[in-house]
2 protein chains.
Amino acid sequence: MSDRTRFDLDQSRIPKAWYNINADMPVPPTPVLHPGTMEPVTPEFLNVLFPMNIVAQEVCQDRWVEIPDPVREIYKIWRPTPMRRAVRLEKALGTPAHIYFKDESVSPVGSHKPNTAVAQAFYNKEAGTKALTTETGAGQWGSALAMACNFFGLSLEIFMVKVSYHQKPYRRIIMENFDAHVFPSPTDRTHFGKRVLEEDPESPGSLGIAISEAVEVAATSGGTKKYSLGSVLGHVMMHQTVIGIEALEQMEMAGEYPDVVIGCAGGGSNFAGFAFPFVHKNLTEGKKTKILAVEPASCPTLTKGKYTFDFGDTAATAPIVKMYTLGHTFIPPGIHAGGLRYHGMSPAVSALVDHGDVVARSARQNETFQAAVLFSKTEGIIPAPESAHAIRAAIDEALACKETGEKKVIAFNLSGHGHFDMTAYQSFHHGMLEDYEYPDHAVEEAMTHLPKVPGA
Amino acid sequence: MSDRTRFDLDQSRIPKAWYNINADMPVPPTPVLHPGTMEPVTPEFLNVLFPMNIVAQEVCQDRWVEIPDPVREIYKIWRPTPMRRAVRLEKALGTPAHIYFKDESVSPVGSHKPNTAVAQAFYNKEAGTKALTTETGAGQWGSALAMACNFFGLSLEIFMVKVSYHQKPYRRIIMENFDAHVFPSPTDRTHFGKRVLEEDPESPGSLGIAISEAVEVAATSGGTKKYSLGSVLGHVMMHQTVIGIEALEQMEMAGEYPDVVIGCAGGGSNFAGFAFPFVHKNLTEGKKTKILAVEPASCPTLTKGKYTFDFGDTAATAPIVKMYTLGHTFIPPGIHAGGLRYHGMSPAVSALVDHGDVVARSARQNETFQAAVLFSKTEGIIPAPESAHAIRAAIDEALACKETGEKKVIAFNLSGHGHFDMTAYQSFHHGMLEDYEYPDHAVEEAMTHLPKVPGA
């Protein structure tokens, strides 16, 4: 039997601390603004939605933040995750490059999302929260938080985009199996949902509407319910860094160090979780790894959006942050990569792209699925459509090495499996997927709706 | 962080040989009979369906059979699989017992089935086979063989029970993603399928019909196509023993040895794969581990069937073997545990049950799903309905320990995950699952159709 293709760490190697990139950011932080006054928000304002221990993490400047034992105990179910070398893919491509991938698909709900879901459930439990609210699109985040709330005995209300609620019942049933209450959004449980239904009783819903409903329920609960978000915010990025911290140790086991580190990016959480520990090495140890974020051409936040202040949600009721944005009025088209449809991007990822520490590219849908199918046929694992964007970029980097003869080491994050996305594969095989690219004029038009932030 | 809950082996510990229980069987082997003449079959007869290297394995008496390197190379994608300790389940039960489980759900297609699929594809490739045929019910086996044939460049025709083909499209799409040709059975591609359709154009199909179609295509191909079976036969049991061989080493890592070893049993392959290496220790080293096979009360082959000669298929065209059987005319009711609906049982498992080396019990559907839900809520992993039978028995053994205060070590095989069975969970949560038990009088009636084997 030839070389090892899997690099496993013992449970004792589950990281003891998360990496907080705030401590190393090469640019000063930008303020979070109140959506009404456009003045910097107070911790008390954020505390309406989040417990103070999470608000504190959002502004924390410590480089390493200890992971509480109860969180590490639950991480033990699936962490450390494997780092694998895709030798069959390398061979199929005929590339001299070595391709590694971190396999976050092995978590019980099939993605990286539980890394922060478990942490958020823990901190809310510690803070005395009894119930959480959240939104979910296709259900990756909802199923992760449902599992986490189940472990800590928290009640959970999930506003699931109505069209997914009906078309993708499997993830909904997983959430319900973990005792979450799942509602097809828009609902008549909130003022905002009622307003949407009055205007369009047949509304299929959207992530923006679902966020607004989940936020409204928490904000009007008199403190009995808090809200939980699965991406974008700083504490979420930080919780995800267990991925990259493990990967660094596993690359050492493999005796290589990546020349290129790749993640797909929607709100930024799996990308940040995998890449930030490598960014840390670039920033503090002079490493020169290329850090690459890949997004869909249909939602090209980093590659066509503007780095500016914008609302975090479509209804313009969430805080304003500085980030790459397509405009909060951006309506994502009905592509299948459900997790990469946010109009904005993590402020931390955005700042690093703006500063040049992270580079971004986009990929069209069909070339993404071509990559996914080649990966599944060579490595066996059927990737999530989101993760397939990272695979596309890894393959393109490896093919470039074939041209130049360079033996680059390429590492990407497989953020999840595609077990609940098989109909998208069927559409691809039947030639029914669209290669929609978000047009420049639509971006320009959306920018006219940006908030008028004084001095920005 | 407290004790370890996961026991991983390095890739170098993937077993180098399968365990062949033929070498240790405490009773003499029984012959395989020709369905027409009822005389012992010749290798040439079996060679119509299987390549000679697989026929040779079927009658091999060597205790250890070397695993070819190309098979081990592919095993490296998911093997060695983790052995886990279910500490949260133990705590929820309040039992002094320790509960371990071998996690075969981590394979790319989510079950133990690739362990033999990869081996069979390899041996067929070696023998010059260009194309395989097989049948599948819900699709566990079909997706495993599709992946394996994809790796070895074999063409594959799969006859999928028509009702599953339409109701469970996800696993079908996985098979098609691996380039398999999937047909809803009964089809008009075979004489037998046409006959069924003439009698009932709306036939929903059955595993028995699908087997007959797959066998017919191979048998009438003039040697260009061979047939592959995912359970029951000796070589299939042997290929699966990588599970138990790894588990023995992992239990040693955990510093314990199981008092009880449990697997669910349909055709017997995941049960045999996990249990036979422990049976070996019982037979040759005087260990006294209780070896427990668990089957559905709706298909109680071992607990209500008869140990006798019967046809391997419903159409009475497959070889006759001595096994526990409910009669080849047995019509399995529409329960959800799709993989445990065979009328017979592996001859090797049957002989060990008859001899007293393996004990059997059955479990009703609702108590099985209760166990599955408790397991998922404590350990996070959503089990396949088949595997839930083993979980039910493990929980019952652990609860018995709670009564007696015994600190037994219980180990079961988690043969697969339930990602493609979520609608069954929904039915359970809505109280819509039936607790059907196969009635005694039906068993007696079916026994009147057994083949009249001279001298048996």
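Now for a quick tour of the structure. (Residues numbered from 1 in each chain as written. Chains lettered and ligands numbered in written order. Predicted model: local features only at pLDDT ≥ 70, side-chain atom pairs only at ≥ 80, totals over all residues. Heavy atoms only, no water.)

Topic: the packing of helix α6 (residues 140–152) of chain A against helix α8 (residues 169–177) of chain A
All names here are of chain A. For the pair α6 and α8, the least separation of the axes is 8 Å and the interaxial angle reads 15°. Viewed along their axes, α6 and α8 adopt a mutual orientation that is roughly parallel. Crossing handedness for the pair α6 and α8: left-handed. Residues Gln140, Gly142, Ser143 and Ala146 of α6 form the contact with α8, whose participating residues are Arg171, Ile174 and Met175. (Axes fitted to C-alpha atoms, helices over the stretch in contact; angles between N-to-C directions. Helix = DSSP H or I, 4+ residues; strand = E, 2+ residues; numbered from the N terminus. Parallel < 35°, antiparallel > 145°, perpendicular 65-115°, else oblique. Left-handed = near helix turned anticlockwise from the far one by under 90°. Contact = heavy atoms within 4.5 Å.)

Topic: the environment of Met25 of chain B
One can find Met25 of chain B in the loop between β2 (17–19) and α1 (43–47). Along the sequence, Met25 of chain B and Thr301 of chain B sit 276 residues apart, while their C-alpha atoms lie 21 Å from each other.

Quick word on the relation of the copies chain B and chain A
For the pair chain B and chain A, the superposition axis carries a translation of 0.0 Å, the fit reaches an RMSD of 0.0 Å, and the rotation angle comes to 180°. Both copies are brought into coincidence by an operation consistent with a two-fold rotation axis. Take the interface residues of chain B: 100% of them recur as interface residues in chain A, which is what a same-surface contact looks like. (Least-squares fit on C-alpha atoms with pLDDT ≥ 70 in both.)

Some details on the interface of chain B and chain A
Facing the 49 residues of chain B at the interface are 50 residues of chain A. Buried area between chain B and chain A, summed over both chains or domains, comes out near 4600 Å², and the portion from carbon and sulfur atoms is 49%. The interface formed by chain B and chain A contains 4 salt bridges. Taken together, the links from chain B to chain A amount to 27 residue pairs in polar contact (both at pLDDT 80 or more). Here the side of chain B that touches chain A takes 6 residues from helix α8 (residues 169–177) of chain B, the largest share from any one element. A per-class count over the side of chain B that touches chain A returns 19 nonpolar, 13 polar and 17 charged. (Buried area = accessible area lost by both parts, 1.4 Å probe. Salt bridge = Lys/Arg side-chain N within 4 Å of Asp/Glu carboxyl O. Polar contact = N/O pair within 3.5 Å; in protein donor to acceptor, adjacent residues only side chain to side chain. Nonpolar A, V, L, I, M, F, W, Y, C, P; charged D, E, K, R; others polar.)

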